[in-house]
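Topology and contacts: notes
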Amino acid sequence: MATTTIAISGYPAAPRPFTLRLHDWVTTVDHKRLGILYILYSLIFLVLGGIEAAIMRWQLIRPHNNLVSPEVFNRMFTMHGTTMIFFVAMPMLFGFANYLVPLMIGARDMAFPRLNAFSFWMSALGGMLLYFSFLGGDGLYGAGSAPDVGWFAYAPLTAKTFSVGHSTDFWILSLLVSGIGSVGTAINIIATILCMRCPGMTLGKMPLLVWLNLTMAVLVILAVSPLTAAQIMLLVDRYVGGHFFDTQAGGSAVIWMHFFWIFGHPEVYVLVLPAFAFASEIIPVFSRKAIFGYSVMVLATVAIAFISMSVWAHHMFTVGMGAGANIFFVLSTMAIAVPTGIKIFNWLATMWGGKIHFATPMLFCIAFLFQFLVAGLTGVTLAVAPFDWQLGNSYYVVAHFHYVIVGGILFTAFAAFYYWFPKISGRMYNEALGKLHFWLFLIGFHLTFDFMHIPGLLGMPRRIYTYEPGRGWDIWNLIVTIGVAFQAAGVLVFAANLVLSYFRGRAAGNDPWDAWTLEWSTSSPPPEYNYAVVPSVRSRRPLWDLKHPEDPDWRYE
Amino acid sequence: MYCLIGAESAIFTIFVVAYIFYIGKSLTGPQPKDVLHAPIFYSICLLSSSLTIHLAVRKLIGGNTAAFARWWLLTILLGGTFLFGTAREWAHLIFDEGLTVSTNLFGTTYYSLVGLHAFHVTVGLLALLTVALFNFAARLKREHAERLEILSMYWHFVDAVWVVVFTVVYVIGI
Amino acid sequence: MQMSPTNIFAPVSTPADSIFGLSIFVLVTMAAIFVVVFALLAYAVVKFRSRPGDDRREPAQIYGSTQLELAWTVIPVLIVVALFLAAARVIASVQNPPRPSGALEVIVTGHQYWWEYRYPHLNIVTANELHVPLSDPAHPSPTFLTLLSADTDHSFWVPRLAGKTDLIPNHPNQMWIDPHQTGVFVGQCAQYCGTQHAKMLLRVYVQPRDEFERWVQQQQRRASGASPGAASMRGERVFESTACVNCHVVSGTPANGRFGPDLTHLMSRDTIAAGAAPNTPQMLRLWIRNPDAIKPGSKMPAMGLSDQDVDAVATYLETLR
């Protein structure tokens with residue numbers, strides 16, 4: 001198997017003028033550049049979403065605080081949720097998928113490069129449209145007319161009667177537009193994986209990251225579309241007098257909830273499957289062992305995706321569905337805990353008997369394992385519908401899902417940043433700064449999200465801009481807010497590390513981690529064509545086979 | 001294209017679910033059985049266009065561009081007739097029966113579902129017309145047959161959706 | 001530290017009790033799983049770390065084990081089944097309760113941002129502060145709440161009495177409570193309903209039977225009417241000639257507006273503005289003069305009354321016991 005690159009520099013010797021380089025980036029259809037664009041875009045919105053969170057936490061640091069008015073606060077939680085899900089998490093994960101999937105399957109690009117570019121720019125437009133709402137309509141008076149209906153925009157609060165002006169329309173349109181981008185990317189990922197694997201790479205020999213992104217893409221196709229449909233219906237209601245969600249005309253507010261959560265629940269699996277992908281690639285390399293139970297991991301992934309389409313109404317336990325419906329959704333939600341737990345055990349078994357190296361990517365993955373365990377367990381408590389009747393819509397739920405999204409997904413995303421930064425940039429990041437980032441963020445995360453469970457257990461609902469003293473919530477809110485400072489510091493260190501290392505890091509070489517998947521066989525950064533000669537593989541770890549010709553994987557698979 | 005069809009099917013499913021959920025729930029205004037007349041002729045037009053497009057692609061694979069052009073244009077004609085039929089039906093409903101999208105739940109769900117389908121037919125027709133223009137400029141060759149086959153999958157999808165919409169609106173919903 | 005008045009682990013009513021029992025079972029199970037898996041993870045991270053003087057050889061590559069996979073599939077499935085059955089039992093018992101003939105019925109209608117209570121069999125209409133009789137566990141006298149909404153979605157959550165149930169327009173819901181301890185139990189709206197969702201507070205007064213009957217009788221009386229003193233007569237005139245009557249009911253007077261709370265027995269309540277402020281002369285005057293000072297974004301507009309008129313109206317309202 002020949003996977004080495006031809007020794008031709010991928011980039012011309014003389015630096016091109018800035019405007020031409022900018023033009024190259026704006027018109028690129030190269031999956032690697034689009035991946036980087038997606039990721040940079042998501043980091044900008046991470047900062048914006050973080051500022052929105054900081055404003056909320058500052059407002060809630062003590063009861064009856066008046067940093068911001070209720071109108072502004074309500075815009076903050078709406079924008080924070082919408083931003084983080086649609087313009088941070090999804091672009092970041094699509095960016096990594098874009099960059100890594102073709103490389104890992106030995107392809108030269110995605111199946112449809114122009115569709116790829118189109119999808120990125122649609123997503124980018126969506127984010128800009130959403131933030132334009134701060135200026136559009138009312139202008140900056142009172143923080144503009146950003147949407148304030150919550151990120152799940154329950155009817156009939158979104159009807160023209162209760163949401164006058166255009167803020168809700170910005171929410172609808174920005175998500176419609178970026179939804180088109182998401183579906184485009186999903187189509188691209190599926191076509192690429194199904195049609196462009198290199199010779200010898202059967203479906204059973206793809207890296208787990210590729211499997212997980214394939215499953216994620218299928219979920220996007222099935223799940224984003226219901227949201228698109230519901231938003232079209234909402235536009236019909238708001239603009240041409242339709243009655244889809246108009247309760248005065250016999251319409252149903254509950255049906256919006258069903259449509260939204262039919263999207264909303266699989267959406268969180270869209271976010272978490274790539275996180276699992278990162279863990280499944282990084283943990284084996286830093287434990288120096290193959291992933292334990294590859295086939296079971298694949299089966300569990302497919303099972304999770306499948307079951308995730310049937311659990312949505314666990315977001316609606318308090319809505320007054322009958323006992324029968326509640327019981328069904330308890331069962332389906334609990335069922336999804338089983339394959340998820342299986343994955344945790346498989347990662348544990350991968351580390352077991354290995355030789356663990358605590359580089360920054362692995363630190364983040366180990367924290368992920370502990371934190372995802374907790375997140376899963378609090379999820380099971382919420383799956384118990386009667387317990388959800390108390391805990392639902394309280395800070396316990398907020399703590400649970402941030403535990404998953406920050407403690408699970410963001411931690412593995414950080415791991416992925418550090419793991420693949422050498423490949424993408426050609427430079428090593430600074431390990432001391434990486435560890436500093438890890439510890440700062442770990443402390444901040446736990447200060448905020450561990451203690452956030454408590455106000456929920458003590459009766460504090462979510463989405464309130466202030467609260468009464470004397471309910472026992474004060475001290476916990478204070479601690480939660482303090483954690484934000486640590487997390488912000490961690491993110492600053494992270495950004496500084498990325499920038500400094502990009503310019504001054506030492507050269508990384510092809511394979512700084514002694515890893516086993518195809519992307520490590522080409523140069524860092526890879527040339528535009530990825531591989532001079534299309535590789536062919538014989539096992540799941542082609543580079544292991546090369547490095548250990550006396551004991552190759554394909555003897556055991 | 002299969003993925004795109006998957007995504008579009010999911011969108012249509014939600015509109016169909018909404019339609020079925022709201023059957024019989026309109027508080028006022030015209031009810032389906034009072035004002036709807038099943039568009040049998042126009043449905044036959046649309047469904048036969050699946051056959052004609054299939055034949056067109058077969059002819060092109062066989063290298064017979066003249067026959068291809070004839071079947072292709074017939075497909076466009078049949079699709080256009082269907083759209084004309086929808087327009088006629090809507091004109092009747094709006095002006096004679098007073099049913100608009102804001103009249104009641106039936107109006108909202110009917111125009112949304114049938115309209116979404118008509119929109120997809122329109123997009124398909126535009127694509128078919130573009131191909132016809134290429135053919136007219138003698139730029140269409142036998143090697144394009146595979147792409148046209150993929151486009152015809154979209155057209156078959158649109159027809160299949162109509163079978164579902166027709167059943168839900170004109171059979172179940174009455 | 002004083003116990004939180006909204007602590008879900010301090011139930012005083014059967015629905016909250018059932019949930020509490022189930023929650024302990026669930027939490028203990030989750031804690032056990034956490035301890036076991038945490039210990040395994042911690043052990044692995046410590047035991048299998050690479051040591052400095054390591055010989056750079058790769059460890060044995062283990063690709064999988066069918067027995068292990070089966071074990072850690074079957075055991076979680078069993079745990080899931082146990083939890084599911086426990087949950088199903090409580091769902092059935094809370095959602096399909098027996099309904100004794102003497103049960104009190106209250107129709108709760110959620111508004112932006114206050115609670116309307118109608119006791120249909122007692123002919124009582126009041127707002128924001130719900131009074132219910134104490135229930136003896138041996139002879140339960142529960143209160144059944146029918147939950148409606150006049151505008152957006154709301155949710156009735158008084159943690160010590162029951163889990164929350166949503167108030168959704170065009171989708172009536174039912175819940176019930178049978179508190180076996182007297183006192184005032186607090187909560188608040190738990191479904192984002194608009195700008196002042198945060199100050200749509202709940203107060204439930206659980207009273208012994210005789211005290212509850214006295215409250216009922218007082219509520220059933222018509223408005224006390226302005227006493228012959230000048231200030232309150234003037235206030236009544238201002239009230240009835242300004243737009244106040246468009247939104248508020250004072251039974252037995254021309255005031256018949258349904259948008260805002262019924263004020264017939266305003267002085268029988270401890271708080272105003274759905275709990276946002278105590279019902280004191282000063283707060284009442286502030287609320288009438290400038291509602292945004294107490295609850296910015298509430299639907300009560302500042303009526304632009306002069307200071308004397310504000311004082312007069314408040315004096316009149318203070319006669320509505």
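Residues numbered from 1 in each chain as written. Chains lettered and ligands numbered in written order. Predicted model: local features only at pLDDT ≥ 70, side-chain atom pairs only at ≥ 80, totals over all residues.

**With respect to the overall build of chain A**
Quick note on the threshold: In this text, helices come from DSSP runs of H or I with a minimum length of four residues, and strands from runs of E with a minimum of two, each type numbered from the N-terminal end. Radius of gyration: over C-alpha atoms. The globule rule applied is 2.2 Å multiplied by the number of residues raised to the 0.38 power. We call two residues in contact when the distance between their C-beta atoms, placed using the backbone, is within 7 Å.
When its secondary structure is counted, chain A shows 16 helices and zero strands. The C-alpha atoms of chain A give a radius of gyration of 23 Å, which matches the 24 Å a tight globule of 557 residues would have. Each of the three principal axes of chain A carries a C-alpha extent, and together these read 70 × 55 × 45 Å. For chain A, the share of sequence-separated contacts (at least 6 apart) that also reach a separation of at least 24 residues comes to 81%.

**Concerning the overall build of chain B**
Put simply, the rule reads: Comment: burial labels come from other C-beta atoms within 10 Å of the residue's own C-beta, placed from the backbone, where a count of 20 or more is buried, 12 or fewer is exposed, and between is partly exposed.
The secondary structure content of chain B amounts to six helices and zero strands. When the helices and strands of chain B are placed in sequence order, the string is α-α-α-α-α-α. Counting all 174 residues of chain B, 37% fall into the buried class.

**Concerning the packing of helix α6 (residues 208-240) of chain A against helix α8 (residues 294-308) of chain A**
Residues and elements named next belong to chain A. Put simply, the rule reads: Axes, fitted as lines to C-alpha atoms, cover a helix only where it is in contact. Angles between the N-to-C directions of the axes lie from 0 to 180 degrees. We call two directions roughly parallel when the angle between them is under 35 degrees, roughly antiparallel when it is over 145, roughly perpendicular when it lies between 65 and 115, and oblique otherwise. Crossing handedness is defined as follows: a turn of the near helix away from the far one that is anticlockwise and smaller than a right angle gives a left-handed crossing, while the clockwise case is right-handed. Put simply, Ala, Val, Leu, Ile, Met, Phe, Trp, Tyr, Cys and Pro go in the nonpolar bin, Asp, Glu, Lys and Arg in the charged bin, and everything else, Gly too, in the polar bin.
The N-to-C vectors of α6 and α8 enclose an angle of 10 degrees; their axes lie 10 Å apart at closest approach. Our classification of the angle between α6 and α8 gives roughly parallel. Crossing angle aside, the handedness with which α6 passes α8 is right-handed. Seen from α6, the contacting residues are Leu 208, Trp 211, Leu 212, Thr 215, Val 218 and Leu 219; seen from α8, they are Tyr 294, Met 297, Val 298, Thr 301, Val 302 and Ala 305. Broken down by class, the residue content of the contact of α6 with α8 amounts to ten nonpolar, two polar and no charged.

**Quick notes on the sheet that holds strand β6 (residues 154-157) of chain C**
Residues and elements named next belong to chain C. The condition that has to hold: When DSSP finds two or more bridges between two strands, those strands count as paired.
Overall, mixed pairing links the five strands, which are arranged β4-β10-β9-β6-β7 in an open sheet. Each edge of the sheet is formed by a strand with only one pairing partner; in this case those strands are β4 (129-133) and β7 (165-167). Across the sheet, the axes of successive neighbouring strands diverge by a mean angle of 30 degrees, strand direction being ignored. As defined by bridge partners, β6 adjoins strand β9 (residues 183-189) across two bridges and the pair is classed as antiparallel. Looking across to β9, one finds that Trp 157 is bridged to Gln 188. Most of the contacts of helix α3 (residues 209-220) go to β4, to which it runs at about 135 degrees, and overall it touches β4 and β10 (201-207).

**As for the interface of chain B and chain A**
Listed as interface residues are 19 residues of chain B and, on the opposing side, 23 residues of chain A. Counting residues per element, the ones that place at least two in the side of chain B that touches chain A are α1 (2-21) and α5 (105-136) of chain B. A per-element tally of the side of chain B that touches chain A places α1(B) first, with ten residues. Broken down by class, the residue content of the side of chain B that touches chain A amounts to twelve nonpolar, six polar and one charged.

**A short note on the environment of C:Met303**
Residues and elements named next belong to chain C. With respect to the helices and strands, Met 303 occurs in the loop between α7 (291-294) and α8 (307-317). Separated by 260 residues in sequence, Met 303 and Tyr 43 have C-alpha atoms that sit 68 Å apart. Not counting residues up to four positions away in its chain, the partners in contact with Met 303 are Thr 242, Ala 243 and Ile 288.

**A look at the interface of chain A and chain C**
Taken together, the 74 residues of chain A in the interface contact 76 residues of chain C. Elements supplying a minimum of two residues to the side of chain A that touches chain C: α3 (70-104), α7 (253-287), α8, α9 (323-351), α10 (360-383) and α11 (385-391) of chain A. The element best represented in the side of chain A that touches chain C is α9(A), accounting for 16 residues. In terms of residue class, the side of chain A that touches chain C is made up of 48 nonpolar, 20 polar and six charged.

**Re the pairing of β6(C)**
Residues and elements named next belong to chain C. Burial along β6 is two-sided: His 154 and Phe 156 facing one way and Ser 155 and Trp 157 facing the other are all buried. Pairing of β6 with β7, which is carried by three bridges, proceeds in the antiparallel orientation. Bridge pairing in β7 places Phe 156 opposite Thr 165.

**Overview of the nonpolar core**
All names here are of chain A. Where we set the bar: Only buried residues count toward a nonpolar core: Ala, Val, Leu, Ile, Met, Phe, Trp, Tyr and Cys, linked into one set through C-beta atoms within 7 Å.
In this structure, Val 220, Trp 256, Ile 282, Cys 365 and Ala 415 are the most contacted members of the largest nonpolar core, which totals 323 residues. The leading source of residues in this core is α7, at 24 residues. What Cys 365 contacts, discounting residues up to four positions off in sequence, is Ala 279, Ile 282, Ile 283, Thr 412 and Ala 415.

**What about α3(C)?**
Working note: α-helix, 3.6 residues per turn, so residues spaced by three or four point in the same direction. Definition in use: Here, expected helix span is obtained from the residue count minus one, scaled by 1.5 Å.
Its twelve residues place the ends of α3(C) 16 Å apart at the C-alpha level, agreeing with the 16 Å of an ideal helix rising 1.5 Å per residue. Buried residues are scarce in α3(C), accounting for zero of its twelve residues.

**As for the sheet that holds strand β1 (residues 104-111) of chain C**
Two strands in a sheet stick together by hydrogen bonds in their backbones, pointing the same way (parallel) or opposite ways (antiparallel). All names here are of chain C. Spatially, the five strands line up as an open sheet ordered β3-β2-β1-β5-β8, and their pairing is mixed. Every interior strand has two partners, whereas the edge strands, β3 (124-127) and β8 (173-177), have only one. Between one strand axis and the next, the sheet turns by 25 degrees as a mean value, whatever way the strands run. The pairing of β1 with strand β5 (residues 143-149) spans seven bridges and is classified as parallel. Note that in β5 the partner of Gly 110 across the bridge is Ser 149.

**A word on the arrangement of the chains**
Most contacts, when the two pairs of chains in contact are compared, are made between chains A and C. The two units chain B and chain C never meet; even their closest C-alpha atoms stay 12 Å apart.

**Concerning the packing of α9(A) against helix α2 (residues 66-95) of chain C**
Packed helices, taken two at a time, are described by the angle between their axes plus the distance between the axes. Interaxial distance between α9(A) and α2(C) falls to 9 Å at its minimum, and their mutual angle equals 155 degrees. Between α9(A) and α2(C), the crossing angle belongs to the class labelled roughly antiparallel. Seen from above, α9(A) lies across α2(C) with right-handed handedness. Classifying every residue of the contact of α9(A) with α2(C) by side-chain character gives 22 nonpolar, four polar and no charged.

**Regarding unusual backbone geometry**
The amide bond that connects A:Ala155 to the next residue, A:Pro156, takes the cis arrangement and shows omega of -10 degrees. Within the secondary structure, A:Pro156 sits in the loop between α4 (113-132) and α5 (167-195). Here the bond from C:Gln112 into C:Tyr113 is cis, since omega is 5 degrees, no more than 30 degrees from zero. Counting through the fold element by element, C:Tyr113 comes out in the loop between β1 and β2 (114-119). Unusually for a residue other than glycine, A:Asn393 sits at a positive phi of about 60 degrees. Mapped onto the elements of the fold, A:Asn393 is located in the loop between α11 and α12 (395-425).

**Quick notes on the pairing of β10(C)**
Residue and element names in this part refer to chain C. Of all seven residues in β10, five are buried, a share of seventy percent or more. One ladder, built from five bridges, connects β4 with β10; its direction is parallel. Across the sheet, Glu 129 pairs through a bridge with Arg 203, a residue of β10.

**What to know about the environment of C:His180**
Residue and element names in this part refer to chain C. Structurally, His 180 is set in the loop between β8 and β9. When the 16 C-beta atoms within 10 Å are taken as the criterion, His 180 is described as partly exposed. Through-space distance from the C-alpha of His 180 to that of Arg 209 is 12 Å; in sequence the pair is 29 residues apart. Leaving out residues up to four positions away in the same chain, His 180 has contacts with Val 12, Ser 13, Leu 134, Ser 135, Asp 136 and Pro 137.

**Some words on the environment of A:Leu173**
Turning to its location among the elements, A:Leu173 is positioned in helix α5. Taking the C-alpha atoms as reference points, A:Leu173 and A:Gln231, 58 residues apart in sequence, are found 8.2 Å from one another.

**A word on the confidence of the model for chain B**
Worth spelling out the cut-off: Confidence per residue, as judged by the predictor, is encoded in pLDDT with a range of 0 to 100.
Per-residue confidence for chain B averages 95 on the pLDDT scale, and 100% of its residues sit at or above 70. Prediction confidence for the complex, expressed as pTM and ipTM, is 0.95 and 0.95 respectively.

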